[in-house]
Structures are given as structure tokens and as C-alpha cells.
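Single-letter residue listing:
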Amino acid sequence: VQLVESGGGLVQAGGSLRLSCAASGSIFSNNPMGWYRQAPGKGRELVARINNGGSTNYADSVKGRFTISRDNAKNTVYLQMDSLKPEDTAVYYCTLNAAKTYWGKGTLVTVSS
């Protein structure tokens, strides 16, 4: 399984970005997917997760601002990020939970104040 993230970049506070994660392989639709992030000097934290039935959960810090979704036909999971804050600056990683957890290489999101 390979996961490839895209959509990161530089945005001003209050702006929006949409991250995408394309997965190879045939197990995508049967497994939960997630987005994690790691800010400079901090540990990796869960941002959002979506299971194969579409149920979602979010970190308290992003509730009401971020939306995770998936398109099983395209083997892709998305993270819509609105009302971005400088503290959202991090490398964002896509994950797929199967017999093991697969990780993408990450995409950098930088939010300027």
C-alpha cells in the first residue's frame, strides 16, 4: 500500500486548504483512514479519522474547522481545512489502518499570521 499526500502549502490565517491522499492497492474501501500532524518540535497527533462506513471523529482543536471525507471509488481521502490558524502549521500525514498502519510521507502546511 502506498499513500501519497498533496495539497499542502502556505496560507494566511483565516484561509483554507484541501489536502488529498491517494492510496494504491485494493484495501482502501475496507479500512479506516486518518490524518495526523506533527508541528515543529512537537509529537505527532491525530487530527481526524474516518472509518469505512463514513463515521468521523476529530481532535478538539480542529472541530468545526476541519472536515475529513473519503471517495472510495477514487481511493482518496480528503481533509478540508477552513479558518486556519498559525498553530495549524505542521506536516500532515495520511494513514490507513489495516493489519498494520500505513503512513504517507507527509505534506507541509504553513499558516502565516
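For clarity, every value in this text was computed on a predicted model and none was experimentally measured.

Concerning the pattern of salt bridges
Line of reasoning, step 1. Tallied over the full model, the rule gives four salt bridges.
Line of reasoning, step 2. Salt-bridge contacts for Arg-37 lead to Asp-88; the nearest nitrogen and oxygen are separated by 2.9 Å. One end of the pair, Arg-37, is in strand β4 (residues 33–38); the other, Asp-88, is in the loop between β8 (76–81) and β9 (90–97), and 51 residues separate them in sequence.
Line of reasoning, step 3. Residue class for Asp-88 comes out buried when judged on its relative accessible area of 0%.
Line of reasoning, step 4. Asp-88 is the partner of Arg-65 in a salt bridge, and the nearest nitrogen-oxygen pair spans 2.7 Å. Placement of the pair is Arg-65 in the loop between β6 (56–58) and β7 (66–71) and Asp-88 in the loop between β8 and β9, with a sequence separation of 23 residues.
Line of reasoning, step 5. Under the relative-accessibility criterion, Arg-65 is labelled buried at 11%.
Line of reasoning, step 6. In this structure, a network of salt bridges that share partners links the residues Arg-37, Glu-45, Arg-65 and Asp-88.

Comments concerning the sheet that holds strand β1 (residues 3–6)
Line of reasoning, step 1. Taken in spatial order, the four strands make up an open sheet running β1-β3-β8-β7, and their pairing is antiparallel. Taken across any chain shown, the strands that pair with only one partner, and hence form the sheet edges, are β1 and β7. Mean inter-strand twist for the sheet, computed between neighbouring axes without regard to direction, equals 15°.
Line of reasoning, step 2. Both β7 and β8 contribute to a ladder of six bridges, which runs antiparallel. The residue bridging Arg-70 from the neighbouring strand is Val-77, located in β8.

Conventions and cut-offs
- Numbers given for residues are sequential positions, taken from 1 along each chain in its written order.
- Per-residue local features of the predicted model are confined to residues with pLDDT of at least 70, and side-chain atom pairs are confined, for both listing and counting, to 80 or more; whole-chain, interface and lining totals are unaffected and use all residues.
- Side-chain metrics rest on all non-hydrogen atoms present in the structure, leaving aside hydrogens and water.
- Note on definitions: salt bridges are taken to be side-chain nitrogens of Lys or Arg within 4 Å of carboxyl oxygens of Asp or Glu.
- Helix and strand assignments come from DSSP, with helices taken as H or I runs of at least 4 residues and strands as E runs of at least 2, each series counted from the N terminus.
- The rule is simple: take the accessible area with a 1.4 Å probe, protein chains only, and divide by the maximum for that residue type; under 20% is buried, over 50% is exposed, in between is partly exposed.
- Strands pair, by our definition, only if DSSP identifies at least two bridges between them.
- Throughout, an axis means a line fitted to C-alpha atoms (over the contacting stretch in the case of helices), and angles, computed between N-to-C directions, take values from 0 to 180 degrees.

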